[in-house]
Amino acid sequence: MVNVVGQSKVVVRETLCRHCGAVLEYTPRDVKTGTDRDYTGCVDTYKYIECPTCMSEVVLKHAS
């Protein structure tokens, strides 16, 4: 049986929610992908996590 004894700090990342100011720790499993369409009709893809305090999307990275 596999037992988890902790998580490496290489995997655990930290960011700030710009809406409520909460400092958030997350792992790759928590990251979601979203899409947004701009006024020209092009689709932009971005990576985000959801802030557990204010439920806002905290954008981590824009992908192309």
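Here the structure is a predicted model, which is why all the values come from computation and not from measurement.

Trainee: Explain the confidence of the model for the protein here, please?
Mentor: Fine structural detail should not be taken from predicted coordinates in areas where pLDDT scores are low. Averaged over all residues, the pLDDT of the protein is 88; the fraction at 70 or higher stands at 95%. For the protein, per-element mean pLDDT is lowest for strand 5 (residues 57-63), which scores 81, and highest for strand 2 (residues 23-26), which scores 94.

Trainee: Can you walk me through the pairing of strand 2 in this structure?
Mentor: As a general feature of sheets, a regular strand has side chains that alternate between the two faces. Going residue by residue along strand 2, you find L24 and Y26 tucked away on one face and V23 and E25 left uncovered on the opposite face. Pairing analysis gives four bridges linking strand 1 (residues 13-16) to strand 2, with the strands arranged antiparallel. Across the sheet, R13 pairs through a bridge with Y26, a residue of strand 2. Between the antiparallel neighbours strand 1 and strand 2 lie six residues, among them G21 with a positive phi of about 85°.

Trainee: Which parts of the structure should I look at to understand the packing of aromatic side chains?
Mentor: When we look at a pair of aromatic rings, we describe it by the centre distance and by the angle of the planes. For the coordinates displayed, the defined rule picks out one aromatic pair. Relative to Y48, the ring of Y46 has its centre 5.7 Å away and its plane inclined at 40°; by these criteria the two rings are tilted. According to the relative accessible area criterion, Y46 is buried, its value standing at 14%. Residue classification places Y48 among the buried positions, given a relative accessible area of 12%.

What counts, and where the lines are drawn
- Residues numbered from 1 in each chain as written.
- Predicted model: local features only at pLDDT ≥ 70, side-chain atom pairs only at ≥ 80, totals over all residues.
- Heavy atoms only, no water.
- pLDDT = per-residue confidence, 0-100.
- Helix = DSSP H or I, 4+ residues; strand = E, 2+ residues; numbered from the N terminus.
- Buried < 20%, exposed > 50% of the residue type's maximum accessible area, 1.4 Å probe, protein only.
- Pairing = 2+ DSSP bridges.
- Phe/Tyr/Trp six-rings, centres within 6.5 Å; stacked < 30°, edge-to-face > 60°.

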